[in-house]
Amino acid sequence: MSEKLPRLVLSESIDLPVVEASGVTVRRTERGSVVLVVGDRTAEVGACLIGAGGELDDWTVLDLAALPGWPLPSGDSQFEAIAADGDSLVALMCEDPPLVLVADTVTRELRAEIRLTAPAGSLLDGQWDDASSRGEGLVFLRGGRLLVAQEKRPRALIEFGPVGTEPQGLARDDLLGPGESWEAPSGPVEFVPLSVWKLKGAAKKALGDVSSIGTDAEGNLWLLSDKSQRVGRLGLDAPLGPDDDEVRDLDQIWDLPKGAVKPEGIAALGDGRVLVVLDTRSTSGNGMIVTRPA
């Protein structure tokens, strides 16, 4: 994009308890909200309550690799995204292999191993083979479906669901509400693309890749681009139908604050504040709370 864009304002630099932070989300319950963060080096998930005044409480860490039956090495997990429902489920997504692991953080058990595939004849046939260009963002959807952001080739939003599931598209009503549980499968399962919306036009020009996605309490979708150092917000007032195939326009686009190093995850905290996590080898200053300019 040639025109000058407004720049997000750095409100606070914070320390996250994971190295190489790659994914962040907010669990919204009826009693309050919790920030969850993961890095791409281990299966350790950091959790932090959001206080009544918006302040972040102390962090605790749960190592999901310690759960019985965890299928990946504890020190070489390569997680790219995290999602959480309003209850006790958390999901971590790998790019290679394309896998989503769903765990219950209360019962401390692995619930599901979801393989994300694109069989011959599917909507992503031949476009899901590059190990460096698969899922980078993850959101739970109602009906046991997943919304996945593909990083590049193509830059796209993808509705994934179990084999044989009818596509439903993406609307605000598809996002989980506060306290709502996700309808998780059990054990090893395969999910396939049900709908694919590729970035085109102004949206594609604005975001050179899609490094992360997240939602806010108002039902908007946030997209982060590491390559372009930008954030875009997509309102879902007009749903993305299962027969649609593109996203051409974003409601708003901002540049990140200068000096953002390898932004890899985004989560809306509320009250106009957005947390962007940085893929650095340090746990010092690897989180940026940003706000929109006045």
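What counts, and at which threshold
Residues numbered from 1 in each chain as written. Predicted model: local features only at pLDDT ≥ 70, side-chain atom pairs only at ≥ 80, totals over all residues. Heavy atoms only, no water. Helix = DSSP H or I, 4+ residues; strand = E, 2+ residues; numbered from the N terminus. Buried < 20%, exposed > 50% of the residue type's maximum accessible area, 1.4 Å probe, protein only. Phe/Tyr/Trp six-rings, centres within 6.5 Å; stacked < 30°, edge-to-face > 60°. Polar contact = N/O pair within 3.5 Å; in protein donor to acceptor, adjacent residues only side chain to side chain. Contact = heavy atoms within 4.5 Å.

(A) Representation of the environment of Val106 within the structure. By the element assignment, Val106 lies in the loop between β8 (99-104) and β9 (109-116). For Val106, a relative accessible area of 64% translates into the label exposed. It is 6.0 Å that separates the C-alpha atoms of Val106 and Ser88, two residues lying 18 residues apart in sequence.

(B) Broad picture of the packing of aromatic side chains. On inspection of all chains with the given rule, the structure shows four aromatic pairs. For the ring pair Trp222 and Trp254, a centre distance of 5.6 Å and an interplane angle of 15° mean the geometry is stacked. One end of the pair, Trp222, is in strand β15 (residues 221-225); the other, Trp254, is in strand β18 (residues 252-255), and 32 residues separate them in sequence. For Trp222, a relative accessible area of 4% gives the class buried.

(C) Broad picture of the side chain of Asp255. One can find Asp255 in strand β18. Residue classification places Asp255 among the buried positions, given a relative accessible area of 13%. Within polar-contact distance, the side chain of Asp255 engages the side chain of Arg230 at 2.8 Å. Ignoring anything within four residues of it in the chain, the contact list for Asp255 reads Leu5, Pro6, Arg7, Leu8, Gln229 and Arg230.

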